[in-house]
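Next come the chains, spelled out residue by residue.
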Amino acid sequence: MREPIKYVLLTASLGLLLWSLYKIGYVLPLEANVAAYQILYLHVPSFFAAFTGFFLGLFASGIYLATGNFKYDSFAAGANEVALMFATAGLASGMIWARYAWGIWWTWDARLSSMLLCWLVYVGYLFLRKSVEEPTQRARLSAVLSIFGCVNVAFVYKSIEWYRTQHPSPVLSFRNGGDHMGPGLEAPIWWNWLALVCLGVVIAMVRMQQGEMSREIDALRRQAHSY
Amino acid sequence: MSSAALECALEVRGVWKYYGDFPALRDIAFRVIQGSTVALLGRNGAGKTTLLRILAGLSKPSRGSVTIHGANVREESTRRRIGVLGHGISLYDELSAFENLRLFSKLYGIENPAKRIDEMLERTDLTRVRDGLVREFSRGMRQRLAVARVFLHDPEVLLLDEPFTSLDDRAIGVLQSLLNEMHARGRTIVMSTHQLREALEAATHVAMLQRGQIVHAGERQQEMLDDTGWLYRTYGEN
Amino acid sequence: MYLRQVLTIAAKDLRAEWRTREAFNASFAFMVVILVLFSFAFDPGNSDISIPAIAGGMLWIAYSFAAALTLNRSFARELQNDCLDALLAAPILASALFFGKALANFALLMVMEIVSLGVFSLLYNVKVLAQIWSLLLVIVLGTWAMTVMGTMFSALTVNLRLRELMLPVMMYPFLVVPLSAAITLTSDLLNGISFGAENILWLKVLVFFDVLFTSLVVLLIDVVLVG
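Residues numbered from 1 in each chain as written. Chains lettered and ligands numbered in written order. Predicted model: local features only at pLDDT ≥ 70, side-chain atom pairs only at ≥ 80, totals over all residues.

Asker: Let's hear about the overall build of chain A: which residues, and what values?
Answerer: Counting its regular elements, chain A contains 6 helices and 0 strands. In chain A, the succession of helices and strands from N to C terminus is α-α-α-α-α-α. A total of 227 residues make up chain A; the buried ones form 42% of that total. Taking all contacts inside chain A whose residues are at least 6 apart in sequence as the whole, residues at least 24 apart take part in 79%. (Helix = DSSP H or I, 4+ residues; strand = E, 2+ residues; numbered from the N terminus. Buried ≥ 20, exposed ≤ 12 C-beta atoms within 10 Å, placed from the backbone. Contact = placed C-beta atoms within 7 Å.)

As structure tokens, this is what we get:
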């Protein structure tokens, strides 16, 4: 059952990405004077996908702690890992955009630094997973850290609304026609988000299967050592 | 080990403990009636420590339940009734013997603690070093103080992990006399051990763990005392 | 009853620490060393540099570095003779154990920080007494933020091989927001700016962080300590 779902999601994701690439490249009346404006169509959905992943990680971790079912631990690990990947892509694309728009690679703007912060929290999560060998302990501790991390992400996200920032105001204000972006230009952001989430779910599923396999290997090794 | 007519001090129902996918304990189920002394046998890695930690509430079973006098071990009121002696001495080097015991008497809410502490120091022959720091104690003194800590709150159920393995002769003597006294007062004792004579002599019942499963449970037989390797050979281990 | 257990644990930790003063001496010395090192990072005699304007950053960087040293030992010291098992077997809630240890850490850090504040005031000729009560409030709130996260991560990493390395890697990303709040407020107060419309938000951020993460720890500490 899982296999067809993976292919369906993968196809949907790639199709959506190609379609929105076409729209962004040829259809949308993007202002030519804003260099590399198109990259925002990757930048913003990457972060949305990252947040989606962190929240999925939070839920999976919570379910793991409640049920003790390792599937959810593996899924949480996969989701957080993929989310970290998207956050990396978001940061990288943001840096490229900043280079074109502002002439600098990095600025210590509140939104940027806060994303870097979230990124670091989940790098810590990966560190933790790497440093614990016993699967049950690893699952338990990393589930706790995942919950803390996600709450921190929410806290940081909330707190940057209080900063003054040179960053374009939060994307959700596109709704109100904020910044340069007209409502008609907004749709591909959401489609790309969906595409990236689909892609992320596929990767997380693969990681989940790998997690299950490595747990099986670990169990076999323990068994071999115990007899 | 079960007898419906007698008060059940400790009941283990379908306990599994997984490390990842590896079952360290598999479907452990037994009852310990009040007043019995159980020797938990098994090789290293058979799951003795894991099981004792679960009985003590230091670890949660993946499946199944443990009740002590009918109540969950993780409840505070239940934990007050059990005494746990693990591998370490569980005492603070920077505190004196008296301070260590006072700490635990406060945590256990013991009434008239000073009197009880002095009584236990007397029993373990540590009155002389009452105010000495544990850091300065010899190994044997530390072990006796560890024993004093376990018996301090007069537990109804004692859980001891390899109690005789690391003790010196004097500490073994102290522990044995305390255990005998507890047994005479109808207290329940569960201790894990390799195949040591001391444990088998004290035991009324024997349970044997093999690869996370109970393979033998019952009253202690005379042949176990005469030939301590008997059980192991019976279950194909040397 | 609960409070008595918390105080018993805290008193035990403080008494043991008082006997050796290992953690205190090392952390305090480290704190002062960092404060002195700052004088090499820039020239304090240069009149272009306003020390009060960067005082918050200097103080809190020193505080947080020293805090990592102290907090790292918090649960690690329970491992020495398997003391943690005896505490967990005792009839107290895991959260009482946590608060006891957190309280002891908090007291140690507060003493170090207040003495360092005096040292800092002497070395850099900064007047700290003008708004000392507001400053103390900020230090209390900021220190509790460090304490609650640090003690939590000390518990989380206690059985890990790399715990000395893991704690800072995981802790600092969580502390950036409360620390930056404390830094801004401290700099303001040392510059003679009292709490007002401009900076009261930061105080709220600190309080909110403390309340949020303290509650989260209460929920999760049992899972962390009893596996």
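Asker: I'd like a rundown of the overall build of chain B, residues and numbers included.
Answerer: A count of helical and extended segments in chain B gives 9 helices and 10 strands. A compact globule built from 238 residues would reach a C-alpha radius of gyration of about 18 Å, and chain B, at 18 Å, matches this within 12%. Overall size of chain B, expressed as C-alpha extent along the three principal axes, is 50 × 40 × 40 Å. Among the 238 residues that make up chain B, the fraction classed as buried is 48%. Of the contacts formed within chain B by residues at least 6 apart in sequence, a portion of 69% connects residues at least 24 apart. (Rg over C-alpha atoms; globule rule 2.2 N^0.38 Å.)

Asker: If you had to explain the pairing of strand E8 (residues 188-193) of chain B to someone new, which residues and values would you point to?
Answerer: Residues and elements named next belong to chain B. In terms of burial, E8 is largely enclosed, as 6 of its 6 residues are buried. The side-chain alternation of E8 yields two buried faces, one formed by Thr188, Val190 and Ser192 and the other by Ile189, Met191 and Thr193. Of the strand pairs in this sheet, strand E3 (residues 37-41) and E8 are connected by 5 bridges, and their pairing is parallel. Within E8, the position partnered with Leu41 by the bridge is Thr193. Two elements, strand E7 (residues 157-161) and E8, share 5 bridges in a ladder whose sense is parallel. From the neighbouring strand, Leu158 faces E8, where its bridge partner is Ile189. Traced from E7 through helix H6 (residues 169-184) to E8, the parallel crossover comes out right-handed. (Pairing = 2+ DSSP bridges. Right-handed = clockwise from strand over helix to strand, strands pointing away.)

Asker: Can you tell me about the packing of helix H5 (residues 94-124) of chain C against helix H6 (residues 132-156) of chain C, naming the residues and giving the values?
Answerer: Residue and element names in this part refer to chain C. With their axes 9 Å apart at the nearest point, H5 and H6 run at an angle of 135° to one another. Here H6 runs oblique to H5, going by the angle between their axes. Along this stretch, H5 crosses H6, giving a crossing that reads as right-handed. The residues of H6 that touch H5, namely those facing Phe98, Lys101, Ala102, Asn105, Phe106, Leu109, Met110 and Glu113, are Ile139, Thr143, Trp144, Met146, Thr147, Val148, Gly150, Thr151 and Ala155. A class-by-class count of the residues in the contact of H5 with H6 yields 10 nonpolar, 5 polar and 2 charged. (Axes fitted to C-alpha atoms, helices over the stretch in contact; angles between N-to-C directions. Parallel < 35°, antiparallel > 145°, perpendicular 65-115°, else oblique. Left-handed = near helix turned anticlockwise from the far one by under 90°. Nonpolar A, V, L, I, M, F, W, Y, C, P; charged D, E, K, R; others polar.)

Asker: Would you mind going over helix H3 (residues 97-107) of chain B in detail, with residue names and values included?
Answerer: Of all 11 residues that make up H3 of chain B, 9 are buried, and the element is covered over most of its length. Residues Ala97, Glu99, Asn100, Leu101, Arg102, Leu103, Phe104, Ser105 and Leu107 of chain B constitute the buried set of H3 of chain B. Contacts made by the buried residues of H3 of chain B are with helix H4 (113-123) and helix H5 (139-151) of chain B together with helix H1 (2-20) of chain C. Phi for Gly109 of chain B, located one or two positions after H3 of chain B, is positive at around 60°.

Asker: Can you lay out the interface of chain B and chain C for me, pointing to particular residues and giving the numbers?
Answerer: Contacts between the two partners involve 25 residues from chain B and, on the opposite side, 21 residues from chain C. Looking at the side of chain B that touches chain C, the elements with two or more residues in it are helix H2 (76-79) and H3 of chain B. The element contributing the most residues to the side of chain B that touches chain C is H3 of chain B, with 4 residues. Along the lines of polarity and charge, the residues of the side of chain B that touches chain C split into 11 nonpolar, 7 polar and 7 charged.

Asker: So, the environment of Ser61 of chain A: which residues are in play, and what are the values?
Answerer: Along the polypeptide, Ser61 of chain A turns up in helix H2 (residues 40-67). Every residue in contact with Ser61 of chain A, bar those within four places of it in the chain, is listed here: Ala76, Ala143, Ser146 and Ile147 of chain A.

Asker: Report on the pairing of strand E6 (residues 82-85) of chain B, specifying residues and quantitative values.
Answerer: All names here are of chain B. The alternating pattern of E6 places Ile82 and Val84 and Gly83 and Leu85 on opposite faces, both of which are buried. Bridge analysis of E6 against E7 gives 4 bridges, and the strand direction is parallel. From the neighbouring strand, Val84 faces E7, where its bridge partner is Leu159.

Asker: Can you break down the sheet that holds E6 of chain B residue by residue, with the values?
Answerer: Paired through their backbone hydrogen bonds, the strands of a sheet run either parallel or antiparallel. Residue and element names in this part refer to chain B. Pairing is mixed across the open sheet formed by 6 strands, whose spatial order is E6-E7-E8-E3-E9-E10. Strand pairing shows two members of the sheet lacking a second neighbour, E6 and strand E10 (213-219), which therefore form its edges. Going across the sheet, the axis of each strand differs from the next one's by a mean of 15°, ignoring polarity.

Asker: Describe in detail the nonpolar core, supporting the description with residues and values.
Answerer: One finds Leu55 and Leu159 of chain B together with Met149 of chain C to be the most contacted residues of the largest nonpolar core, which totals 211 residues. In terms of residue count, the dominant contributor to this core is helix H7 (residues 163-190) of chain C (15 residues). When near neighbours in sequence (up to four residues on either side) are disregarded, Leu159 of chain B contacts Leu52, Leu55, Ala56, Ile82, Val84 and Val190 of chain B. (Core = buried A, V, L, I, M, F, W, Y, C linked by C-beta atoms within 7 Å.)

Asker: Can you explain the interface of chain A and chain B? Please cite residues and give values.
Answerer: With 12 residues of chain A at the interface, the matching set in chain B holds 8 residues. Within the residue set of the side of chain A that touches chain B, elements represented by two or more residues are helix H5 (135-160) and helix H6 (187-226) of chain A. By residue number, the principal contributor to the side of chain A that touches chain B is H6 of chain A, which donates 7 residues. Looking at the side of chain A that touches chain B residue by residue, the classes come out as 3 nonpolar, 4 polar and 5 charged.

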